[in-house]
Amino acid sequence: NSFPDALILSTDGNIEFCDSPSIIIRDQVTTSGRMTNTVQAWKYFKEIVDELAKGDNSYKTIVFDLVEDLYELCRICKYKELGITHESDDPFKAWDKVRSEFMSTMRKAANMDYNIVFISHEDVKTDMTSRKGDNVVAINPNIQPKIANKIAGLVDMTIRAVYEDGKRT
């Protein structure tokens, strides 16, 4: 919310404490008489990215909140397009099609002329053992490691934000 001239693209609708402009990414359902038309959330998101890429606005920062939800929206959309219920229904091809679709859109977003902020919840794994035999805690984005690594290649820095004792650090 404190980034300069931010637009928040929210998948979880958790924006009630933000006063920056925001768009909730979800299925867009319209009706005309007895006809119902649905634009899937992923396609709606891609339309927004395409519009932002034109640069015809005053935003300086685009916040993508949450990346893992965007990936799931992409999966659901590709399932429908491919006529499958899971990537394993079309071994090898479906996994690649979902990843390629997601990453091409995220690359386009990352290359736009804005400050880009990708937000993900954390996945904390405890009681892992290091090579030296020490117990360690691993904190990773809550997304598949292959996708997380590809997203990490698009960013300049990774920051962990923590809210403890009424303070954000």
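None of the values given here were measured: they were computed from a predicted structure. Residue positions within a chain follow its written sequence, with the count starting from 1. Predicted model: local features are reported for residues with pLDDT of at least 70 only, side-chain atom pairs are reported and counted for 80 or more only, and whole-chain, interface and lining totals are derived from all residues. Side-chain metrics in this entry use all non-hydrogen atoms of the structure; hydrogen atoms and water are not considered.

**Q** What's the story with the confidence of the model for the protein chain in this structure? I'm lost.
**A** For residues with low pLDDT, the predicted coordinates do not support detailed interpretation. A score from 0 to 100, pLDDT tells how confident the predictor is in each residue. Mean pLDDT over the protein chain stands at 91; residues scoring 70 or higher make up 99%. Strands here mean DSSP runs of E at least two residues long; helices mean DSSP runs of H or I at least four residues long; both are numbered from the N terminus. By mean pLDDT, strand E7 (residues 122-129) is the weakest element of the protein chain at 76, and helix H1 (residues 41-53) is the strongest at 98.

**Q** Looking at this model, I keep getting lost on the side chain of Thr 11. Mind explaining?
**A** Looking at the secondary structure, you find Thr 11 in the loop between strand E1 (6-10) and strand E2 (22-24). Note on Thr 11: relative accessible area 15%, which makes it buried. Counted as a polar contact is a pair of N or O atoms within 3.5 Å, where, for protein atoms, one must be capable of donating a hydrogen and the other of accepting one, and residues adjacent in sequence contribute only when both atoms are in side chains. Within the local environment of Thr 11, its side chain forms a polar contact with the side chain of Asp 69, the two groups lying 2.7 Å apart. Look past the residues within four positions of Thr 11 in its chain and what remains in contact with it is Ile 25, Asp 65, Leu 66, Asp 69, Leu 70 and Leu 73. Burial classes follow relative accessibility: with a 1.4 Å probe on protein chains only, a residue under 20% of its type's maximum area counts as buried, one over 50% as exposed, and anything between as partly exposed. Contacts were defined at the residue level, with two residues in contact if any of their heavy atoms lie within 4.5 Å.

**Q** How should the sheet that holds strand E6 (residues 115-119) be read in this particular structure?
**A** Backbone hydrogen bonds are what pair the strands of a sheet, in a parallel or an antiparallel way. Strands are labelled as partners when DSSP assigns at least two bridges between them. Spatially, E2-E1-E5-E6 is the arrangement adopted by the 4 strands of the open sheet, whose pairing is parallel. Both outer strands of the open sheet, E2 and E6, are each paired with one neighbouring strand and no more. Sheet twist, expressed as the average angle between the axes of neighbouring strands with direction ignored, equals 15°. Inspection of the sheet shows E1 paired to strand E5 (residues 61-65) by 5 bridges, in the parallel sense. Paired with Ile 8 across the strands is Val 63, a residue of E5. Note on geometry: axes are C-alpha line fits, over the in-contact stretch for helices, and angles between N-to-C directions span 0 to 180 degrees.

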